[in-house]
Amino acid sequence: MEHFMCPQNAYIMPDADAAGSAGDPACGDALTVFIKVRDNIIQEISYLVFGCCASIATSSMTSVLAKGKSLEEALNITEEDIIKALDGLPENKVHCSNLGVTALRKAINNYYKNQAAK
Ligand code: FES
Ligand code: FES
């Protein structure tokens, strides 16, 4: 509830090192995650979300969990980690946590691609 009312890190990052998007065709909700990486650590993370209250709360919690983590640690964040950190989600809202995890993993993979292309 707290993360729905006062989402953390909700802003567009124009100078992000990478971004990743995920959408759920079933409900139409969509999320883009932006990351800034220094020395393999996620220094800054933000997102833009068009979605239900649970997708806003899970996006917020995804950003809180990923901030300050190494890229490898952030890649290992699971839906269960997010749900647990939020003290649970209603059964029909469990799928919403998938958006955060998917968009975060895409952003990290895009970061690796950007680095490889340099
Ligand atoms: Fe749609 Fe929360 S606003 S489920
Ligand atoms: Fe689909 Fe929440 S209802 S992400």
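Residues numbered from 1 in each chain as written. Chains lettered and ligands numbered in written order. Predicted model: local features only at pLDDT ≥ 70, side-chain atom pairs only at ≥ 80, totals over all residues.

K.L.:
Please explain helix 2 (residues 53-66) as it appears in this structure.
P.N.:
Under the 1.5 Å per step criterion, the end-to-end length of helix 2 is 20 Å for 14 residues, consistent within 8% with the ideal 20 Å. In terms of residue burial, helix 2 counts as a mostly covered element, since 12 of its 14 residues are buried. Within helix 2, burial applies to Ala54, Ser55, Ile56, Ala57, Thr58, Ser59, Ser60, Met61, Thr62, Ser63, Leu65 and Ala66. Looking one or two residues beyond helix 2, the residue adopting positive phi is Gly68, at roughly 85 degrees. (Helix = DSSP H or I, 4+ residues; strand = E, 2+ residues; numbered from the N terminus. Expected span 1.5 Å × (residues − 1). Buried ≥ 20, exposed ≤ 12 C-beta atoms within 10 Å, placed from the backbone.)

K.L.:
I tried to follow the confidence of the model for the protein chain on my own but got confused; where do I start?
P.N.:
Should the pLDDT be low somewhere, the predicted coordinates at that spot are not to be read in detail. Across the protein chain, the average pLDDT comes to 95, with 100% of residues at 70 or higher. Taken element by element, the protein chain is modelled with least confidence in helix 1 (residues 2-5), mean pLDDT 84, and with most confidence in helix 3 (residues 71-75), mean pLDDT 98. Both scores are available for the predicted complex, with the pTM at 0.92 and the ipTM at 0.63. (pLDDT = per-residue confidence, 0-100.)

K.L.:
Whenever I open this one, the nonpolar core confuses me. Can you help?
P.N.:
Buried together is how nonpolar side chains tend to be arranged in soluble globular proteins. By size, the foremost hydrophobic cluster in this structure holds 28 residues, and its most contacted members are Leu31, Val33, Phe34, Ile35, Ala103, Leu104 and Ala107. Once residues lying within four places of it in the same chain are set aside, the contact partners of Phe34 are Met13, Ala16, Ala19, Ile45, Ser46, Tyr47 and Ala107. (Core = buried A, V, L, I, M, F, W, Y, C linked by C-beta atoms within 7 Å. Contact = placed C-beta atoms within 7 Å.)

K.L.:
Explain the sheet that holds strand 2 (residues 29-38) here, please?
P.N.:
The strands that make up a sheet pair up through hydrogen bonds in the backbone, lying either parallel or antiparallel. Strands sit in the order 1-2-3 across an open sheet of three strands; the sheet is antiparallel. For this open sheet the edge positions go to strand 1 (18-24) and strand 3 (41-50), each flanked by a neighbour on one side alone. Going from strand to strand, the sheet's axes swing by 20 degrees on average, the running direction of each strand aside. Helix 2 contacts strand 2 and strand 3 of the sheet and is inclined by roughly 175 degrees relative to strand 3. (Pairing = 2+ DSSP bridges. Axes fitted to C-alpha atoms, helices over the stretch in contact; angles between N-to-C directions.)

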